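# Inside the fold
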Amino acid sequence: MPNNVKLLLVDDNPMVLAMLQGALTALAKVTTSNDSADALLKAVDDPPDLLVSDYRMPGMDGQQLVEKLKSRPKTAGIAVILLASKADITERFSNHEPVDDFVEKPFFLKDATQRIKRLIDKIALEKMAKTAPSDGVVRGSLAQMNVLDLLQSLDMGRKTCALTLSNNVDKCSMYFTDGQINHAVYGELKGDEAVYKTMGWTNGSFQIDFTKSSSETTVTRSTQGLLMEGLRLLDEANRAIP
């Protein structure tokens, strides 16, 4: 599943461009551009799934580039992440802007990559759903997309579905409604504890059935709440190992 997302990366600073390109190449098909006019031509010629662009650039800035892309039917559906200072994000952008997310500058490469990866995973999952077999089930490997990535993507995409995770003989089923897990089963366990059991899985497979859901409610936390608590428990367990 990695690399089925086309990403156009735009920054007039060659060092930042090279740094981000290096970090994102393993996650997506990356095309780069060092100015907005060139980026506009590239996007119109071969529309990317995701645009990651600096906001402040000479000539046409990132916001103007986004406006031009959103006004064209061929490129209107492109997801957008802008790299901008805290002041620019606060002062220049309202909640109505056609921007999916921001990376606040200055940034640590690891943090920026994780933030961009969240949107790459969401797009990858949606592309998989569109090309799912006739039974409507998306299948994949946890080596491609781990449990945390899956939960975040289904949450961000507000999906209603059944997610089945398999790891050797272990199996866990989670049911989502609008991106929130309402029911989870792992052997005898149900609810939050069933979800936490899978957080450390890196091997195995997953299935997402977009035709299934459950009216049963055993989970008490939001998907984000489960992720935070699950990561805390995982960290505790790892520190306990000598």
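Reference entry: report on the structure contained in this document. (Residues numbered from 1 in each chain as written. Predicted model: local features only at pLDDT ≥ 70, side-chain atom pairs only at ≥ 80, totals over all residues. Heavy atoms only, no water.)

## Some thoughts on the sheet that holds strand 7 (residues 161-167)
Keep this limit in mind: When DSSP locates at least two bridges between a pair of strands, those strands are taken to pair. A helix here means a DSSP run of H or I that spans at least four residues, while a strand means a run of E at least two residues long, and both kinds are numbered starting from the N terminus. Any pair of residues with heavy atoms lying within 4.5 Å of one another is described as a contacting pair. Note on method: axes are straight lines fitted to C-alpha atoms, helices fitted across the in-contact stretch only, with angles between N-to-C directions ranging 0 to 180 degrees.
The strand order across the open sheet built from six strands is 6-11-7-8-9-10, with neighbouring strands paired in antiparallel fashion. At either end of the open sheet lies a strand with only one pairing partner, and these are strand 6 (137-141) and strand 10 (189-190). Pairing between strand 9 (residues 180-186) and strand 10: two bridges, direction antiparallel. Across the sheet, Y186 pairs through a bridge with L189, a residue of strand 10. Helix 6 (residues 147-156) rests against strand 7, strand 8 (170-177), strand 9 and strand 11 (205-209) of the sheet, and its axis sits at about 180° to strand 7.

## Description of the environment of L40
Structurally, L40 can be placed in helix 2 (residues 36-45). Spatially, the C-alpha atom of L40 lies 48 Å from that of R239, the residues being 199 residues apart in sequence.

## Some remarks on unusual backbone geometry
We apply this condition: Each residue is placed in one exposure class: buried if its accessible area under a 1.4 Å probe, protein chains only, is under 20% of its type's maximum, exposed if it is over 50%, and partly exposed if it falls in between.
Following K105, the chain continues to P106 via a peptide bond in cis, the omega torsion being -5°. In this fold, P106 is placed in the loop between strand 5 (101-105) and helix 5 (109-130). Positioned with a positive phi, R158 is a non-glycine residue whose angle comes to about 50°. Relative to the elements of secondary structure, R158 occurs in the loop between helix 6 and strand 7. The exposure class assigned to R158 is exposed, which follows from its relative accessible area of 56%.

## Focus: the sheet that holds strand 4 (residues 79-85)
A sheet is described by the order of its strands in space; here five strands give the open sequence 2-1-3-4-5, paired in parallel fashion. The open sheet has two edge strands with one neighbour each: strand 2 (29-33) and strand 5. Across the sheet, the mean angle from the axis of one strand to that of its neighbour is 20°, orientation sign disregarded. As defined by bridge partners, strand 1 (residues 6-10) adjoins strand 3 (residues 50-54) across four bridges and the pair is classed as parallel. Directly across from L9, in strand 3, lies its bridge partner V52. Helix-sheet contacts for helix 1 (residues 14-24) involve strand 1, strand 2 and strand 4, and the interaxial angle to strand 1 is about 165°. Its contacts with the sheet place helix 5 against strand 1, strand 3, strand 4 and strand 5, and it is angled at close to 165° to strand 4.

## Things to note about the environment of I116
Looking at where I116 falls in the secondary structure, it is placed in helix 5. The exposure class of I116 is buried, given its relative accessible area of 0%. Here the alpha-carbon distance between I116 and L50, two residues 66 residues apart in the chain, equals 9.4 Å.

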